[in-house]
Amino acid sequence: MDRELIVRRTSLSENILGFCRYLRHKDFRIGPAEEADALLAMETLGPFANPDIFRLSLRAVLARTRAQQLVFDELYSEYWCELEKAVDSKIKDAPEEKPKPKPAAGNFQSIKDWLNKNNKKDEESEAAAYSALATSGKKSFEGFSDDELTEIMRIIRRAAKPLTLQFNRRKQRARRPGDFDLRQTLRRNLRRGGDILELVYNKPKKHRPQLVLLCDVSKSMDLYSKFLVQFMYGFQRVVSRVETFVFSTSLQRITNQLNKNSFEHTLEELSLTVPGWSGGTRIGESLQTFVEDYGRRLLSRRTLVLIMSDGWDTGEPEVMEAAMASIHRQASKVIWVNPLAGSPGYEPTVRGLQAALPYIDLFVAAYDVESLRRNLII
Amino acid sequence: MQHPELERLQQLLQDQAYITDQSIVLSVFLARQLNKPLLVEGPAGVGKTEIAKVMARAMDTELIRLQCYEGLDATHALYEWNYQHQLLYLKMLEKQDTSPEEMERSLFDDRFLLKRPLLQAITHHKAPLLLIDEVDRADEEFESFLLEVLSDWQISIPEIGTIKATHIPQVILTSNRVRELSEALRRRCLYLWIDYPDYDKELAIVRQKVPDIDARLSEQICGFMQEVRKQRLEKVPGVAETLDWAMALANLHIDHLDKELVSATLGIILKDWQDIRQTQMSLSELFERVGAISKLDVNG
């Protein structure tokens, strides 16, 4: 009996290690320390028959983020189901039954085969999912390369610095040695009879500017939607205080959707939750909504407003003018980014844009990464 | 649950009026067995901090809490010398005839050492429970400093020497995911995600915490909360809000929900005006869906 148990346990621990290896293959960061933890956890729990406990304890030890936890269960059942087939349901065996010994190498080989097979299947199903998304009328974002995104973030980081830098002559206490604050130092040490024990430093106070992004996602902007998403995502990542809105016929706040951890998640959220993508354009009314609903909270002397639109407005220019005037009055700076402005011979003659023009501090063209680099880094 | 020790732990937590599920119990159990910190993440108001409090009571040990915030640094977490006290003492010593060596020795004495939570946890006579709350609010520098303490369990104070932990504390870290925590910290810990409770669990919690609530009302409240959370809200209400609401309505001796009542008391569960506006507009629809779950009085 004793010997049998040992045999069973070693094969179980081997399988756990195999599972760790499998997870590593699936981008889980698992090293020897985690493997040891997993084995130790199994040991403390002792022999048991409840597969749920087994699964949950492995999850507690091996999955380290929310995202990993979410995929863990699926990977778990995939792996152990396959293993059960391969090892002839050794784990489920009743203790009385004799375990059927099988060479370990055989196990791994079968798992490996299955891994490879499974990988291919994954790719296929993913591709299918993408096309399904496109035909269902929802916006699908394809073909974003990581390189491009990194590049865009880099540019935005450089561009955002001068845009959001605001000088302030006031000083604030600094923890690290810097400018010496004589007055505060004397005052603080006076309490202890004037022995200078503690030095006080200060540094220029930083303004924390608020950035508001208003992006046009109407039909006429469709050509640039890919760039638009990168642009919004990039700003949200790089600048600390950004609020992002999109508008076509109505205004929607998407700051939270953009704050997802990965770009893929963001895309997914956006395609699911932004209803008016590629709709008509009512810039004036959308801006009006913005002023009414968010203006009080977001617009101040520290606010920089970035509007990204081609200016094709189907509404009344008076509405547009009123909204722009209001934004201009309350914000510190209004920048209009126009994807069309880059083409030679372009004149901002669109009616809506004409109405807005007096209230724009800076008019720039940007329609892709390259133009963004050329025009936004001033 | 078939494991005797797990069952005992669950009972222990239950006795402290904490409703758990298997994954929570198991994580707590493993954290204790493997002697590893437990990192608890989840949305606000699902009882992350509560776990630590309950565990401390269940283990019958002291809870030492380090609340993290932006700008938290080592002196606030570890120790500080009580300068003022030392100076006064020095002035007193000057009047007496003590040698400089003697002076120095008595100046850096234990009694001038202000112990902050981490040092407290290390020097405690019995292994305490150390709660590092909202670790994501502290900056990255502090996080790496924390890593060092959590792995070595020793703190060196130049004037005294190295203090080694006599008992390794049980550590619970909580995070609201304001900032992604470093991979290194994650790898040191076991991970537990607590989500909003499902209907049954929430009902059990409400009945546990608000014992004199009407049975039908509690069902309706929980059913309603489940539906509210399915909406796209800026601030999704947690269990704490559910309990506030249940408590308020129970105090008013109300025995069922109706639209008017919900509309008037929405401010207890929703804390953002847009959320309130949105919910008020879709109240009828919400009620219909809740009705399917807990036979809510739709016409009420």
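Residues numbered from 1 in each chain as written. Chains lettered and ligands numbered in written order. Predicted model: local features only at pLDDT ≥ 70, side-chain atom pairs only at ≥ 80, totals over all residues. Heavy atoms only, no water.

If you check an unreviewed UniProt entry, chain B appears there as ATPase from Flavilitoribacter nigricans.

Looking at an unreviewed UniProt entry, one finds chain A named VWA containing CoxE family protein and attributed to Flavilitoribacter nigricans.

What follows concerns the interface of chain A and chain B. Taken together, the contact between chain A and chain B spans 37 residues of the former and 37 residues of the latter. Both sides together, the interface formed by chain A and chain B hides about 3300 Å², and carbon and sulfur atoms give 50% of it. In this structure, the connection of chain A to chain B is made through four salt bridges. Taking the shortest distance from any N to any O, the salt bridge between Arg277 of chain B and Asp293 of chain A comes out at 3.9 Å. For the pair chain A and chain B, the interface holds eight residue pairs in polar contact (both at pLDDT 80 or more). Listing elements by their share of the side of chain A that touches chain B, those giving two or more residues are helix 2 (32–45), helix 3 (51–62), helix 4 (66–87), helix 10 (263–273) and helix 11 (283–298) of chain A. Partitioning the side of chain A that touches chain B into residue classes produces 12 nonpolar, nine polar and 16 charged. (Contact = heavy atoms within 4.5 Å. Buried area = accessible area lost by both parts, 1.4 Å probe. Salt bridge = Lys/Arg side-chain N within 4 Å of Asp/Glu carboxyl O. Polar contact = N/O pair within 3.5 Å; in protein donor to acceptor, adjacent residues only side chain to side chain. Helix = DSSP H or I, 4+ residues; strand = E, 2+ residues; numbered from the N terminus. Nonpolar A, V, L, I, M, F, W, Y, C, P; charged D, E, K, R; others polar.)

Here we come to the packing of aromatic side chains. Evaluated as defined, the whole model comprises 20 aromatic pairs over all chains. Measuring from ring centre to ring centre gives 5.9 Å for Phe19 of chain A and Tyr76 of chain A, while their planes differ by 85°; the resulting arrangement is edge-to-face. Separated by 57 residues along the polypeptide, Phe19 of chain A in helix 1 (residues 2–25) and Tyr76 of chain A in helix 4 bring together distant segments of the chain. As far as burial versus exposure is concerned, Phe19 of chain A and Tyr76 of chain A are alike and both buried. Judged by centre distance (5.8 Å) and plane angle (65°), the rings of Phe224 of chain B and Phe287 of chain B are edge-to-face. Of this pair, Phe224 of chain B sits in helix 11 (residues 215–230) while Phe287 of chain B sits in helix 15 (residues 283–294), and the two are 63 residues apart along the sequence. The same class applies to Phe224 of chain B and to Phe287 of chain B, which are both buried. (Phe/Tyr/Trp six-rings, centres within 6.5 Å; stacked < 30°, edge-to-face > 60°. Buried < 20%, exposed > 50% of the residue type's maximum accessible area, 1.4 Å probe, protein only.)

Residues and elements named next belong to chain A. Residues Glu285, Glu316, Glu318 and Glu321 make up a contiguous surface patch of negative charge. Mapped onto the secondary structure, Glu321 falls in helix 12 (residues 317–330). Look at Glu321 and you get partly exposed, because its relative accessible area is 35%. (Patch = residues over 30% accessible without salt bridge, like charges linked within 9 Å, V, L, I, M, F, W, Y side chains within 5 Å. Areas by Shrake-Rupley, 256 points an atom, 1.4 Å probe, with all protein chains shown as cover. Lys, Arg positive; Asp, Glu negative; His and termini not counted. Charge placed at Lys NZ, Arg CZ, Asp CG, Glu CD.)

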